[in-house]
Amino acid sequence: MLMPDAAFVRTLLSRYADLQMRHVERPSRETRAQLDDVTYTLCVCTGTRTIRDALAAADQVLAQAAARTDGASHAA
């Protein structure tokens, strides 16, 4: 399976968190639709079906990217 770009995943996670907070503070159809959209995108890019699984997979993507970056800096 292809791994999503860590920067893209980081952006999606940030957007998800922001929309979650905005929707809790002031629920609206607009924030609900945006939250549904970013949730769907997170699920698709991580190959999962639930937001819980998508968040866990996103954490793994970021951890693997950090490990690759850390390993590359030690090799230099």
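Attention here is on the structure that accompanies the text. All values derive from a computational prediction rather than experimental measurement.

The rules behind each value
Residues numbered from 1 in each chain as written. Predicted model: local features only at pLDDT ≥ 70, side-chain atom pairs only at ≥ 80, totals over all residues. Heavy atoms only, no water. Helix = DSSP H or I, 4+ residues; strand = E, 2+ residues; numbered from the N terminus. Rg over C-alpha atoms; globule rule 2.2 N^0.38 Å. Buried < 20%, exposed > 50% of the residue type's maximum accessible area, 1.4 Å probe, protein only. Contact = heavy atoms within 4.5 Å. Areas by Shrake-Rupley, 256 points an atom, 1.4 Å probe, with all protein chains shown as cover. Core = buried A, V, L, I, M, F, W, Y, C linked by side-chain atoms within 4.5 Å. Disulfide = S-S within 2.5 Å.

Once that is clear, we can look at the overall build of the chain. On a plain count of helices and strands, the chain comes out with three helices and zero strands. Its helices and strands in sequence order give the chain the pattern α-α-α, from N to C terminus. Compactness check: the chain gives a C-alpha radius of gyration of 14 Å against a globular reference of 11 Å for 76 residues, more than 25% above the reference. Each of the three principal axes of the chain carries a C-alpha extent, and together these read 50 × 25 × 15 Å. Residue burial in the chain is summarised as follows: out of 76 residues, 30% are buried. The contacts in the chain between residues at least 6 apart in sequence include a share of 49% that link residues at least 24 apart. If you sum the accessible surface of the chain, you get close to 5,500 Å²; carbon and sulfur atoms cover 55% of it.

Attention shifts here to the nonpolar core. Counting residues in each nonpolar core, the largest one holds 16 residues, and the members touching the most others are Val9, Leu13, Val38 and Leu42. Of all the secondary structure elements, the ones that give two or more residues to this core are helix H1 (6-25), helix H2 (29-46) and helix H3 (51-75). Examining the composition of this core, we find that six residues originate from one element, H1, more than from any other. Discounting chain neighbours no more than four positions away, the residues touching leucine 42 are Leu12, Leu13, Tyr16, Thr48, Ile51, Ala54 and Leu55.

Attention now moves to the state of the cysteines. All chains considered together, the criterion is met by zero disulfides. With no disulfide of its own, cysteine 43 has cysteine 45 as its nearest cysteine by sulfur position, at a separation of 8.6 Å. We classify cysteine 45 as buried; its relative accessible area is 14%.

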